[in-house]
Amino acid sequence: MKRYHLFLPINNQRGATLVLVAICIFMIIALSALAVDIGHLVVTKNELQNAADAGALAGARYLYNDTGTLVNEGCNAIAMAAATANQSDNINVNVAANDVQRGHWSFATRQFTPNNATAPTQLWDVSTQTLDADPNFINAVQVTAWRSNPTVGSWFAGIFGYQGFLQSAVAVAYIGFAGSLGPADSCPPTAICRQSPKVNDDDPCRCDNGRIL
């Protein structure tokens with residue numbers, strides 16, 4: 001009767017170590033790509049977000065003309081200049097003309113609606129809810145900054161065919177009302193209305209017109 005052995009001893013193991021070393025090297029390279037490249041992308045993304053933030057804040061700062069009677073169309077160029085003055089990975093960020101938009105920011109929906117209208121909206125005798133729902137109330141600037149030309153370069157990931165990564169960051173800056181301040185709510189004040197400084201007034205923080213300038 002013949003006996004069959006399911007497990008036969010392997011006498012020749014030459015080359016097995018070489019295979020294990022090759023697998024380990026591959027795994028080390030893959031983990032290096034994961035750690036180094038993802039860390040690099042996080043840094044460049046934060047720098048890109050800083051650029052978008054700077055552009056949106058600069059645009060919102062000049063969203064209206066000096067008298068507040070008209071939306072300033074030039075705020076788009078101001079926002080673009082501020083954003084592109086920043087760098088991501090020591091390379092200037094990309095911001096196209098259509099990446100800067102004026103529009104309406106709604107606090108209720110947390111959404112930005114682009115709107116190129118230049119006429120101001122009636123603010124008096126209008127409820128906060130009505131203004132918040134009115135897309136013609138231009139109160140915000142949105143900026144999108146890119147690293148597209150060139151893209152964010154890779155380090156170890158290039159071995160696996162990833163030569164660059166497209167990144168973008170979006171920021172919205174809005175203008176609004178500061179509301180009213182009671183006595184000693186802000187001391188020293190960071191902003192006061194023009195009617196506040198009064199001689200022998202026990203309530204210097206009061207704004208008779210209900211608006212902080």
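By convention here, each chain's residues receive numbers from 1 onward along its written sequence. Per-residue local features of the predicted model are confined to residues with pLDDT of at least 70, and side-chain atom pairs are confined, for both listing and counting, to 80 or more; whole-chain, interface and lining totals are unaffected and use all residues. As a convention, hydrogens and water are excluded, and side-chain values are obtained from all of the structure's heavy atoms.

Draft legend 1. Structural detail: the overall build of the protein chain. Segments assigned H or I by DSSP are reported as helices when at least four residues long, segments assigned E as strands when at least two residues long, and all are numbered from the N terminus. Along the backbone of the protein chain there are 3 helices and 6 strands. Its helices and strands in sequence order give the protein chain the pattern α-α-β-β-β-β-α-β-β, from N to C terminus. Within the protein chain, buried positions represent 28% of all 213 residues. For the protein chain, long-range pairs separated by at least 24 residues make up 64% of all intrachain contacts whose partners lie at least 6 apart in sequence. Here, Shrake-Rupley sampling with a 1.4 Å probe gives the accessible areas, and only protein chains in the shown set may cover a residue. When the accessible surface of the protein chain is totalled, it reaches about 14,300 Å², and 59% of it is carbon and sulfur. Buried, partly exposed and exposed residues are distinguished by accessible area as a fraction of the type maximum, computed with a 1.4 Å probe on protein chains only: under 20%, between the cut-offs, and over 50%, respectively. Contacts are assigned to residue pairs with any non-hydrogen atoms lying within 4.5 Å of each other.

Draft legend 2. Region of interest: the side chain of Arg 147. In this structure, Arg 147 sits in strand 5 (residues 140-153). Within this scheme the basic residues Lys and Arg register as positive and the acidic residues Asp and Glu register as negative, but His and the chain ends are omitted. A carboxyl oxygen of Asp or Glu within 4 Å of a side-chain nitrogen of Lys or Arg is what we treat as a salt bridge. Within the buried core, Arg 147 has no salt-bridge partner, and the shortest N-O distance to an opposite charge, that of Asp 89, equals 4.5 Å. Here Ser 88 takes part through its backbone oxygen, which lies 2.7 Å from a polar atom of the side chain of Arg 147. Non-local contacts of Arg 147, meaning those with residues more than four positions away in its chain, are made with Leu 48, Ser 88, Asp 89, Ile 91, Asn 92, Asn 94, Val 152, Phe 165, Leu 166 and Gln 167. Polar contacts here mean pairs of N or O atoms no more than 3.5 Å apart (in protein, one a potential hydrogen donor and the other a potential acceptor; neighbouring residues in sequence count only if both atoms are side-chain atoms).

Draft legend 3. Spatial organisation of the environment of Pro 150. Its location among the elements puts Pro 150 in strand 5. Pro 150 sits in the partly exposed class, given a relative accessible area of 39%. The spacing of Pro 150 and Val 93 is 57 residues in sequence and 9.1 Å in space, taken between C-alpha atoms.

Draft legend 4. Geometry of the sheet that holds strand 6 (residues 164-174). A strand pair is defined by DSSP finding two or more bridges across the two strands. Strand order in the open sheet made by the 4 strands is 4-3-5-6, with antiparallel pairing throughout. Edge positions in the open sheet fall to strand 4 (111-114) and strand 6, since each of these has one partner strand only. Ignoring which end each strand starts from, the neighbouring axes of this sheet average 35° apart. Sheet analysis places strand 5 next to strand 6, joined by 10 bridges and oriented antiparallel. Residue pairing in the sheet places Arg 147 in a bridge with Gln 167 of strand 6. What counts as an axis is a line fitted to C-alpha atoms, over the stretch in contact for a helix, and the angles between N-to-C directions run from 0 to 180 degrees.

Draft legend 5. Representation of the pairing of strand 5. The pairing of strand 3 (residues 100-106) with strand 5 spans 4 bridges and is classified as antiparallel. In the strand pairing of strand 5, Val 100 is matched with Val 143.

Draft legend 6. Examining the packing of aromatic side chains more closely. Put simply, two rings from Phe, Tyr or Trp (the six-membered ring, in Trp's case) pair if the centres are within 6.5 Å, and we call them stacked under 30 degrees between planes, edge-to-face over 60, tilted for the rest. In the structure shown here, the tally under the stated rule is 1 aromatic pair. One cation-aromatic arrangement involves Arg 61 over Tyr 62; the distance from NZ or CZ to the ring centre is 4.8 Å. The rule for a charge over a ring is simple: NZ of Lys or CZ of Arg within 6 Å of the ring centre, and within 35 degrees of the ring normal.

Draft legend 7. The arrangement of the environment of Asn 116 in detail. The topology assignment puts Asn 116 in the loop between strand 4 and helix 3 (128-133). Through-space distance from the C-alpha of Asn 116 to that of Val 71 is 9.0 Å; in sequence the pair is 45 residues apart.

Draft legend 8. Broad picture of the side chain of Gln 167. Its location among the elements puts Gln 167 in strand 6. The contacts of Gln 167, once residues within four sequence positions are left out, are Leu 41, Thr 44, Lys 45, Leu 48, Ala 145, Trp 146, Arg 147 and Val 152.

Draft legend 9. Quick look at the nonpolar core. Of all hydrophobic cores here, the largest spans 21 residues; its most connected members are Leu 63, Val 93, Val 95, Val 100, Val 141, Val 143 and Ala 145. Among the elements that line this core, the one with the most residues is helix 1 (residues 16-61), at 5 residues. In contact with Val 100, not counting residues within four places along its chain, are Asn 76, Ala 79, Met 80, Val 95, Val 141, Gln 142 and Val 143. Within this scheme, the nonpolar core is defined by two criteria: the residues are buried Ala, Val, Leu, Ile, Met, Phe, Trp, Tyr or Cys, and they are joined through side-chain atoms within 4.5 Å.

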